[in-house]
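Summary of structural features
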Amino acid sequence: MSWHILGAGALGSLWATRLARSGVPVRIILRSAQRLIDYQHAGGLTLSEAGQSSFHSIAAELPDATTPIQRLLVACKAYDAEAAIAQLSPRLANSCEILLLQNGLGSQQAIAERWPQVRCIFVSSTEGAYRDGPMQVVFAGRGQNWLGDPNGGSVPSWLGDLDQAGIPQIWSSDILTRLWRKLALNCAINPLTVLHDCRNGELLQHREQLAALCEELSTLLEANGQATAAIDLHGEVLRVIEATAVNYSSMYQDVRLGRRTEIDYLLGYACRSAYSLGLVVPLLHDLHRQLREHLSLRGLPTD
Ligand code: NAP
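Residues numbered from 1 in each chain as written. Predicted model: local features only at pLDDT ≥ 70, side-chain atom pairs only at ≥ 80, totals over all residues. Heavy atoms only, no water.

1. A short note on the packing of helix 7 (residues 207–223) against helix 9 (residues 233–243)
Any two packed helices are characterised by how steeply their axes cross, that is the angle between the axes, and by the distance between the axes. We count it as follows: Structural elements are reduced to axes, namely lines fitted to C-alpha atoms, with helices fitted over the stretch in contact, and the angle between N-to-C directions of any two is expressed from 0 to 180 degrees. Secondary structure follows DSSP: runs of H or I at least 4 residues long count as helices, runs of E at least 2 residues long count as strands, and numbering of each begins at the N terminus. Any angle that is under 35 degrees is reported as roughly parallel, and any over 145 degrees as roughly antiparallel; angles of 65 to 115 degrees are reported as roughly perpendicular and all others as oblique. For a crossing to be left-handed, the near helix must be turned anticlockwise from the far one by less than a right angle; the clockwise case is right-handed. Contact criterion: two residues are considered in contact whenever any of their non-hydrogen atoms come within 4.5 Å of each other. Polar here means any residue other than Ala, Val, Leu, Ile, Met, Phe, Trp, Tyr, Cys and Pro, which are nonpolar, and Asp, Glu, Lys and Arg, which are charged; Gly is therefore polar.
Two numbers describe how helix 7 lies on helix 9: the axes approach to 9 Å, and their chain directions differ by 130 degrees. The angle between helix 7 and helix 9 places the two elements in the oblique class. Helix 7 and helix 9 meet at a crossing whose hand is right-handed. When helix 7 is examined against helix 9, the residues Arg207, Leu210, Ala211, Cys214, Leu217, Ser218 and Leu221 are found in contact with a partner set consisting of Leu233, His234, Val237, Leu238, Ile241 and Glu242. Taken together, the residues that form the contact of helix 7 with helix 9 break down as nine nonpolar, two polar and two charged.

Given below as structure tokens:
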């Protein structure tokens, strides 16, 4: 059975090349005829890993191809994911499984609600990749992938494909807790790096602000029934900042490169969730407002 990979960006290419080189059948779905022409011109995807490059000629197609889709890895940004799947809707088999790689929360739930007949597997990834040219991906940071079905159910047999491809995976029975924890870490660190215009490590000069934010985020996690995700949040935020001190956060890099951020699936989701629970979170609201103003001044989308 073929894996279909929707979106040949950084993470989509990283998954596609590793699956393909291990002999797992893969097909990439590109957004437009022009993208397909560009892809065919390049002949495939190039993966750079530990200073070595490898070339992978992987089949590619457009959303309106007619073959049914049984297993779909969605590797678009959170704000594109639902619309991208909608283009494929007629091709989704009833027994289809969709893996969702998106950061933050909100896009996964919207997709699961819209296509209740398919099984949605949520993924939380700490692997790092970036594109350094058309059809070229750099594997920048080893990490882990946690996969889970928020509705429970059996462990999928295709996890063996990931093992075969050397894609690290752990089946998680509490994937929402993991995604909430990551959302909270991202909300504490990323917006502040943008607003203070700094690397992660420089946030240690704003310890009081970090501590107060973590307290509000912990309250929000607990109110959402995610008490486990709240344990020692502040301690982990400080550890992440120290371990990644010289790095620029992904949101910082998006803003610097004039790219749309995933703010609406991070701070936006956090603020909406607090509102729906009647929880007062002034610091999160203020951070959200300041960040949207910052984006707006730079002509970037605020959602
Ligand atoms: P990316 O490099 O921007 O890739 C997204 C891809 O989706 C692009 O190639 C884009 O196509 C494609 N796309 C958008 N709409 C499409 C459509 N309708 N049909 C087909 N393709 C479509 O993003 P990324 O860095 O891989 O991130 C993907 C998700 O993974 C994000 O939610 C991110 O937060 C998360 N994540 C990323 C990393 C990482 O290291 N990169 C790590 C952990 C989590 P075009 O090229 O044509 O625009």
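Next comes the rest of the description.
2. A few points about the environment of Ala84
As for its position among the elements, Ala84 is in helix 3 (residues 78–86). Separated by 215 residues in sequence, Ala84 and Gly299 have C-alpha atoms that sit 24 Å apart. Dropping the residues within four chain positions of it, Ala84 is found in contact with Leu6 and Cys76.

3. Focus: the nonpolar core
Put simply, the rule is: Put simply, a nonpolar core is a bunch of buried Ala, Val, Leu, Ile, Met, Phe, Trp, Tyr and Cys residues held in one set by side-chain atoms that sit within 4.5 Å of each other. For every residue, the accessible area obtained with a 1.4 Å probe (protein chains only) is divided by the maximum for its type, and the residue is called buried under 20%, exposed over 50%, and partly exposed between those limits. For the purposes of this description, domain bounds are those given by an automatic or database domain assignment.
Leu6, Leu72, Val74, Ile85, Leu92, Ile98 and Val237 are the most contacted members of the largest nonpolar core, which totals 63 residues. Tallying contributions element by element places helix 6 (residues 175–195) first for this core, with 11 residues. A domain split of this core shows at least three residues from each of domain 1 (3–172) and domain 2 (177–298). Setting aside its immediate chain neighbours within four residues, Val74 contacts Leu6, Ala81, Ile85, Ile98, Leu99, Leu100, Leu101 and Gln102. By size, the runner-up hydrophobic cluster in this structure holds 28 residues, among which are Val26, Leu99, Ile121 and Trp158.

4. A look at the side chain of Ser107
Structurally, the position occupied by Ser107 is in helix 4 (residues 107–114). Ser107 gets classed as buried once you look at its relative accessible area, which sits at 5%. In this view, Ser107 contacts Ala78, Gln102 and Tyr265; residues no more than four positions away in its chain are not counted.

5. As for the pairing of strand 1 (residues 3–6)
For clarity, the cut-off: In this description, strands pair whenever DSSP reports at least two bridges between them. Note on handedness: a crossover is taken as right-handed if, strands pointing away from the viewer, the path from the first strand over the helix to the second is clockwise.
Judged by which residues are buried, strand 1 turns out to be covered on both faces: Trp3 and Ile5 on one side and His4 and Leu6 on the other are all buried. By the bridge criterion, four bridges tie strand 1 to strand 2 (residues 26–29) in an arrangement that is parallel. The residue bridging Leu6 from the neighbouring strand is Ile29, located in strand 2. In this fold, strand 1 hands off to helix 1 (residues 10–21), which returns the chain to strand 2; that crossover is right-handed. Pairing of strand 1 with strand 6 (residues 69–74), which is carried by four bridges, proceeds in the parallel orientation. Residue pairing in the sheet places His4 in a bridge with Leu72 of strand 6.

6. Some points on the pattern of salt bridges
Put simply, the rule reads: Put simply, a salt bridge is a Lys or Arg side-chain nitrogen that is within 4 Å of an Asp or Glu carboxyl oxygen.
Applying the stated criterion across every chain yields a total of 16 salt bridges. Between Arg142 and Glu49 there is a salt bridge whose closest N-O contact spans 3.1 Å. Taken together, the positions of Arg142 in the loop between strand 10 (136–141) and strand 11 (145–148) and Glu49 in strand 3 (residues 45–49) put the pair 93 residues apart, joining distant regions of the chain. Classification of Arg142 by relative accessible area gives exposed; the value is 66%. Given the relative accessible area of 17%, Glu49 is considered buried. The partner of Arg289 in a salt bridge is Asp286, and the shortest N-O contact between them spans 2.5 Å.

7. What about the site of the ligand?
Operational definition: In this text, near means that some heavy atom of the residue lies within 4 Å of the molecule or strand in question. As used in this structure description, the phrase polar contact means that two N or O atoms lie within 3.5 Å; if the pair is within protein, one of them must be able to donate a hydrogen and the other to accept it, and residues adjacent in sequence are counted only when both atoms belong to side chains. The Shrake-Rupley method, run with a 1.4 Å probe, gives the accessible areas here. Residue values count only the displayed protein chains as cover.
Near the ligand lie 26 residues; those nearest to it are Leu11, Arg31, Arg35, Ala129 and Glu262. Take Gly9: an N or O atom from its main chain is 3.1 Å from an oxygen atom of the ligand. At 3.1 Å from an oxygen atom of the ligand is found a main-chain nitrogen or oxygen belonging to Asn103. For the ligand, whose free accessible area comes to 900 Å², the fraction covered by protein is 85%. Elements that contribute at least two residues to the shell around the ligand include exactly helix 1, helix 3 and strand 9 (128–133). Its residues placed into classes, the shell around the ligand shows 12 nonpolar, seven polar and seven charged.

8. Re the sheet that holds strand 3
Strand order in the open sheet formed by four strands is 4-3-10-9, and the pairing between neighbours is mixed. Strand pairing shows two members of the sheet lacking a second neighbour, strand 4 (52–56) and strand 9, which therefore form its edges. Across this sheet, the average inter-strand angle for adjacent strands is 25 degrees, counted without regard to direction. Bridging between strand 9 and strand 10 involves five bridges; their strand directions are antiparallel. Its bridge partner being in strand 10, Gly133 is matched across the sheet by Gln136. Here helix 1 sits on the sheet in contact with strand 3, strand 4, strand 9 and strand 10, set at roughly 90 degrees to strand 3.

9. So, the state of the cysteines
What counts is decided by this rule: A pair of sulfur atoms, both from cysteines and within 2.5 Å, is called a disulfide here.
Taken as a whole, this structure holds zero disulfides when the rule is applied. Free cysteine: Cys76, not disulfide-bonded; nearest cysteine sulfur from Cys120 at 14 Å. Among the cysteines around Cys187, which has no disulfide bond, Cys271 carries the closest sulfur, lying 7.7 Å off. In this structure Cys187 comes out as buried when scored by relative accessible area, which is 1%.

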